[in-house]
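Survey of secondary and tertiary structure
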Amino acid sequence: MTTFHIQQFGCRATQADGAALERQLLDRGCTSTADLQSANIVVLNTCTVTAAADAQAREAIRKIHAQNPAARLIVTGCYAQRAPEELAALPGVHWVVGNSHKPQIPALVDTLRTTQLPETSSNFYPAIALASGPPSPFHSFVGAGLASPAAHLANILTGDIFNHPEFLSAPIQGGESQHTRPILKIQDGCNSRCSFCVIPFVRGKSRSLPADIVIREIRKLTVAETFPSVSPSLEQATPVVTPNLPHQPPHAREIVLSGINLGTYGRDLAPRIAFGDLIRRILDETPIERLRISSIEPLDVTEDLIELFAGTQRIAQHFHVPLQSASDRILAAMHRWYRAEHYARRVDLIHDRLPNAALGADVITGFPGETESDHAATLAFIERHPFTYLHVFSYSPRPGTKAASLPNQVPAPTIKRRARALRSLAEQKSSTFRQSQISRTLRVLTLHRAEHADTHTTPALSSNYLRVQIPEVFPSNLWLDVVVKSGEGNYLIGELPPTRTES
């Protein structure tokens, strides 16, 4: 029996890729395990958005190899596409597979299941042998100049991502990686060229999953043959009052739509379809109870989209809108095609229409040429506006990007200090938002309880992206109406009212 473990890094699109890969391996008869030491095959699905992300992946590879030297390590994802030779030189790595060839990993696993690989760098298997059907344009090579001839070198499968216009995805069934909320990738790649960002070069051109397939996949996730009756909306759903512990329904109640540049969805399709129109189709044609949208660029947050969110409880009240900087000078140098006032109008409109909505942002500190004045402008902007959380990134040069060659690189100690200030402000904003929710009644979705979690509580997630702990034990994937009693760390404590409602 072949056991495998998938370790995820990075964004929701990467997590969606990992879930699809897990489903393919399960369908081939492999067994997923959470125990790294018992896994025959470990797949690391990497990120490369920052130098820190690269370092995290390398450290994980070294740690896994030390814990389980017999495991076959397959490294894939964005770092594998950008710098495969770096990863191929690490001990324990058998294959490095770029995003361009990620769909071939299940066939590669089949090869590893039936072939005893010696622990030397002199044995390679032809990449073409992994393909089923017509030959695929694989590249099989090893890195040069990164290790001595006697060092371990892994096989590499990669190619020009821009020569792969197809949408690389696979169906999921829900429950992969023990996720209560399936992540459905509907868009990949990016046509923008922000000066700091390497992601377009490792993900390729923007491309979309056709709308009919999106609808089909959501229907498969939300309707099970064993559970044919699903409420079409939260507005129409009737809570079930019962003194008994309810069973987990065999369908997804919340789905997260993900992409690299989600707002550009549908622009490559014929006929074109706007992102907002896709959302309307999903609401009209599927019984999804709650739909959550991942990151969306500021200029794609239109008044029409905000009204769509405000008009239904079936879309989570949660916007993640990358800011990066509030200095117009720095935004121009980043090739971000908006200015601080454009961003401010959008977040203020969100707050006016949905005052309890979650509003998150990505912020980069230490971009080349960023002055203390630029940094202060970003802090002041965040302070003035209703952000509920931030993802703070310390700038690091990404090979091949325009920003990597810019003058006036900011010293590392300065970047660290500015990042610390931004994170401190982010925690203040998050704490204020959590406190504002005390005494409110929130409808939350219970989540999978980790093995090491408190056995007397249940984690849950609200529409406005707040983590809630409930001091009772429930299965995952249930709607509960809870009254927020207090806050504890990064969580809220929610209790069911005396007349409890569960559905």
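The structure we're discussing is the one just above.
What comes next is a walk through the structure. (Residues numbered from 1 in each chain as written. Predicted model: local features only at pLDDT ≥ 70, side-chain atom pairs only at ≥ 80, totals over all residues. Heavy atoms only, no water.)

Regarding the overall build of the protein chain
Short version of the rule: Counting from the N terminus, the helices are the DSSP runs of H or I reaching at least four residues and the strands are the DSSP runs of E reaching at least two. Accessible area is worked out with a 1.4 Å probe on protein chains only. A residue is then buried under 20% of its type maximum, exposed over 50%, and partly exposed in between. For every accessible area listed, the method is Shrake-Rupley and the probe measures 1.4 Å; residues are considered covered only by the protein chains on display.
Regarding its fold elements, the protein chain presents 13 helices and 20 strands. The buried share of the protein chain, taken over its 503 residues, is 55%. Total accessible area computed for the protein chain in this model is approximately 21500 Å², and 53% of it derives from carbon and sulfur atoms.

Regarding the sheet that holds strand E12 (residues 290–293)
Heads up, the condition is: The rule for pairing is simple: two strands pair if DSSP sees at least two bridges between them. Lines fitted to C-alpha atoms define the axes, with helix axes restricted to the stretch in contact, and inter-axis angles between N-to-C directions lie between 0 and 180 degrees.
The 3 strands lie next to each other as E8-E11-E12, forming an open sheet whose pairing is parallel. A strand with exactly one partner marks an edge of an open sheet, and here the two such strands are strand E8 (183–185) and E12. Across the sheet, the mean angle from the axis of one strand to that of its neighbour is 30 degrees, orientation sign disregarded. When strand E11 (residues 254–258) meets E12, the two strands line up parallel, connected through 4 bridges. By the bridge assignment, Glu254 is partnered in E12 with Arg290.

Things to note about the sheet that holds strand E13 (residues 318–320)
Operational definition: Whether two residues are in contact is decided by their heavy atoms: any pair within 4.5 Å suffices.
Sheet architecture is open: 3 strands sit in the order E13-E14-E15, paired in parallel fashion. Edge positions in the sheet fall to E13 and strand E15 (389–394), since each has one partner strand and no second. The average undirected angle you get between the axes of adjacent strands in this sheet is 15 degrees. Two elements, strand E14 (residues 358–365) and E15, share 6 bridges in a ladder whose sense is parallel. Pairing of Ile364 across the sheet is with Phe393, part of E15. Contacts from helix H13 (residues 412–436) reach E14 and E15, with the element oriented near 170 degrees to E15.

Regarding unusual backbone geometry
Backbone geometry follows two general trends: most residues other than glycine have a negative phi, and most peptide bonds adopt the trans configuration. Here the amide bond leading from Ala270 into Pro271 is cis, since omega sits at -5 degrees, within 30 degrees of zero. Structurally, Pro271 is set in the loop between E11 and helix H8 (275–285). Even without glycine at this site, Gln324 takes up a positive phi of about 75 degrees. Along the chain, Gln324 turns up in the loop between E13 and helix H10 (328–333).

Overview of helix H1 (residues 12–27)
Rules: A helix is expected to span 1.5 Å multiplied by its residue count minus one.
Here H1 spans 23 Å end to end across 16 residues, near enough to the 22 Å set by a 1.5 Å rise per residue. Of the residues flanking the end of H1, it is Gly29, one or two places downstream, whose phi is positive at about 95 degrees.

What about helix H11 (residues 340–353)?
Counting along an α-helix, one turn takes 3.6 residues, and residues three or four places apart therefore face a common direction. The line we're drawing: By construction, the arc corresponds to the directions joining the helix axis to the C-beta atoms.
Helix length check: H11, at 14 residues, gives a terminal C-alpha distance of 20 Å against a target of 20 Å (1.5 Å per residue), a fit within 8%. Residues of H11 that are buried: Ala340, Tyr343, Ala344, Val347 and Ile350. Axial view of H11: buried residues confined to an arc of 130 degrees, hence all on one face. Away from the buried face of H11 by more than 90 degrees, exposed residues Glu341 and Asp352 are located. The inward-facing, buried residues of H11 contact helix H9 (303–310), E13, H10, E14 and helix H12 (372–384).

Overview of the side chain of Ser206
Threshold: For the purposes of these results, a polar contact is taken to be a pair of N or O atoms within 3.5 Å, where, inside protein, one atom must be able to donate a hydrogen and its partner to accept one; residues adjacent in sequence count only when each atom of the pair is a side-chain atom.
The topology assignment puts Ser206 in the loop between helix H6 (199–203) and strand E10 (207–208). Accessibility expressed as a relative area gives 13% for Ser206, which makes it buried. Here the side chain of Ser206 touches Thr264 through a polar contact of 3.1 Å, side chain to side chain. Ignoring anything within four residues of it in the chain, the contact list for Ser206 reads Gln187, Asp188, Gly189, Cys190, Asn191, Thr264 and Asp268.

Considering the pattern of salt bridges
If the charged atoms of two oppositely charged side chains come close together, the side chains can form a pair. Note the cut-off: For salt bridges, the criterion is a side-chain nitrogen of Lys or Arg within 4 Å of an Asp or Glu carboxyl oxygen.
Inspection of every chain in the model, using the stated rule, returns 31 salt bridges. The partner of Arg82 in a salt bridge is Asp54, and the shortest N-O contact between them spans 2.8 Å. Taken together, the residues span a long stretch of sequence, with Arg82 in helix H3 (residues 78–82) and Asp54 in helix H2 (residues 51–67) at a distance of 28 residues. Of the charged contacts in the structure, one is a salt bridge between Glu254 and Arg290, with a shortest N-O distance of 2.7 Å. Separated by 36 residues along the polypeptide, Glu254 in strand E11 and Arg290 in strand E12 bring together distant segments of the chain. Taken together, the shared-partner salt bridges in this structure form one network comprising Asp17, Lys102, Lys185, Asp188, Arg203 and Arg207.

A word on the side chain of Arg418
Tracing the backbone shows Arg418 in helix H13. Residue Arg418 is classed as buried on the basis of its relative accessible area of 3%. When neighbours within four sequence positions are excluded, Arg418 is seen to be in contact with Thr365, Glu370, Thr371, Glu372, His375 and Val410.

Observations regarding the pairing of strand E18 (residues 467–470)
Alignment of strand E17 (residues 458–462) against E18, held across 4 bridges, turns out to be antiparallel. Counterpart to Ala460 in the pairing with E18 is Val468. Counting the residues between successive antiparallel strands, the hairpin from E17 to E18 contains 4 residues, one of them, Tyr465, with a positive phi of roughly 60 degrees.

What about the packing of aromatic side chains?
Definition in use: Only the six-membered ring of Trp is used, alongside the rings of Phe and Tyr, when aromatic pairs are assigned; centres must lie within 6.5 Å, and planes under 30 degrees apart are stacked while those over 60 apart are edge-to-face, with the rest tilted. Cation placement over rings: the criterion is NZ of Lys or CZ of Arg within 6 Å of the ring centroid and within 35° of the ring normal.
Within this structure, the stated rule accounts for 7 aromatic pairs. Taking the centre distance of 6.4 Å and the plane angle of 50 degrees together, the rings of Phe381 and Phe387 count as tilted. For the pair Phe381 and Phe387, a shared accessibility class is recorded, and that class is buried. Connected via pairs of aromatic rings, a cluster forms that spans Tyr338, Tyr343, Phe381 and Phe387. Over the face of the ring belonging to Phe201 we find Arg193, whose NZ or CZ atom lies 5.2 Å from the ring centre.

Any functional reading would require information that these geometric values do not contain.
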